[in-house]
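# Survey of secondary and tertiary structure
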Amino acid sequence: MNVQWYPGHMAKTRRLIGERLRQVDAVCEILDARIPASSRNPDVAELTAGKPRLIVLNRADQSDPDATAQWGDFFRARGFAVLATDAKSGRGAGKFAAAVRELLADKLKAYADKGQSGRVVRVMVLGIPNVGKSTFINRIAGRNVAKAEDRPGVTRAGQWVPVDKRLELLDTPGILWPKFGDETVGLHLAFTGAVKDEILDTETLGCHFMAYLSEAAPERLREAYKLPELPPRDAAETGIAYGFRLLQDAGRKRGFLVSGGEIDTERMAKILLDEYRAGKLGRLTLELPE
Ligand code: G4P
């Protein structure tokens, strides 16, 4: 399954990032704590070269806490400031301003030495669609600001959002990149909901996700769909064919039948993805640092 999604407004946002970079002191990259590698835009390093960077691992309530700690160490070892947050409840968000000031400590000291201690620090916030960027910005700013829509024709992007007298955020629409490096990246972005479901075949995606879960979290899968045991996978069976069988088993348990007694695997696929995204399969990180 070759997932790709790069509509024209994302290319436009890319240009906006380049144009506005001069105006900011730092860049905050919001990643999905469940897929910190796949949710990192590989273009960002080049697009924001030279700017101090803070990585926010958002959706930390949905990721495995040990895995999130490992990712924190991974990014810190590479020179990033790191913050784990749950923007929905607000957990971790209160540490943002201090983390930015720590990241920019040298620069702020230089300003203070020049008598410019009141200078406003500006941070550009970047992230893939659905990572929780708007929720995060609302949390940090402490109110409901307009969403920088990732839809064509809606250009509220590029607005400054004041956090306090000395800190402002620049919101940007969620973007992906023209070509995902390997199939796993596209799949992980699709599993978690960063790539719009409308452009995907949900049933096929569900087959892939079932096959993934059968290896990565077989117990969770068994419990969630009341499968006494997972059927053995034939040596020659593809992941997608095996995933389809699991969708059938789970759909049968849930009683998702269509006329003629067949199992509604498409409905089951949608439910599986919805339930994972809603955290009903528990806290599950799909990727660990190498
Ligand atoms: P975006 O700007 O990056 O596109 O994402 P947005 O903030 O719109 O968030 C997308 C969805 O993810 C929202 O849910 C939001 O509440 C949820 N969300 C954001 N951050 C977190 C987080 O850290 N943890 C969890 N569990 N969820 C988060 P929604 O279903 O669209 O709305 P609602 O159910 O919150 O009303």
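Cut-offs applied
Residues numbered from 1 in each chain as written. Predicted model: local features only at pLDDT ≥ 70, side-chain atom pairs only at ≥ 80, totals over all residues. Heavy atoms only, no water. Domains from an automatic or database assignment. Pairing = 2+ DSSP bridges. Helix = DSSP H or I, 4+ residues; strand = E, 2+ residues; numbered from the N terminus. Axes fitted to C-alpha atoms, helices over the stretch in contact; angles between N-to-C directions. Core = buried A, V, L, I, M, F, W, Y, C linked by side-chain atoms within 4.5 Å. Buried < 20%, exposed > 50% of the residue type's maximum accessible area, 1.4 Å probe, protein only. Contact = heavy atoms within 4.5 Å.

## Quick word on the domain arrangement of the protein
Parsing the protein into structural domains produces domain 1 (8-171) and domain 2 (201-277). Spacing between the C-alpha centres of domain 1 and domain 2 amounts to 36 Å.

## Section: the sheet that holds strand β5 (residues 160-164)
Hydrogen bonds along the backbone pair up the strands of a sheet, which may run parallel or antiparallel. Taken in spatial order, the 6 strands of this open sheet run β3-β2-β1-β4-β6-β5, and their pairing is mixed. In this open sheet, the two edge strands, each paired with only one partner strand, are β3 (81-84) and β5. Strand-to-strand twist of the sheet, defined as the mean angle between neighbouring strand axes without regard to direction, takes the value 25°. Here 6 bridges tie strand β1 (residues 26-32) to strand β2 (residues 53-58), and the two strands are oriented parallel to one another.

## Re the nonpolar core
Generally speaking, soluble globular proteins have nonpolar side chains that are buried together. The biggest cluster of nonpolar side chains holds 75 residues, and the ones touching the most others in it are Phe 96 and Leu 189. In terms of residue count, the dominant contributor to this core is helix α8 (residues 202-216) (6 residues). The residue makeup of this core includes at least three contributed by each of domain 1 (8-171) and domain 2 (201-277). Discounting residues that sit within four places of it in the chain, Phe 96 has contacts with Cys 28, Leu 54, Leu 83, Val 123, Phe 136, Ile 140, Leu 167 and Leu 169. Residues Leu 31, Leu 57, Phe 75 and Phe 80 belong to the second largest nonpolar core, which totals 9 residues.

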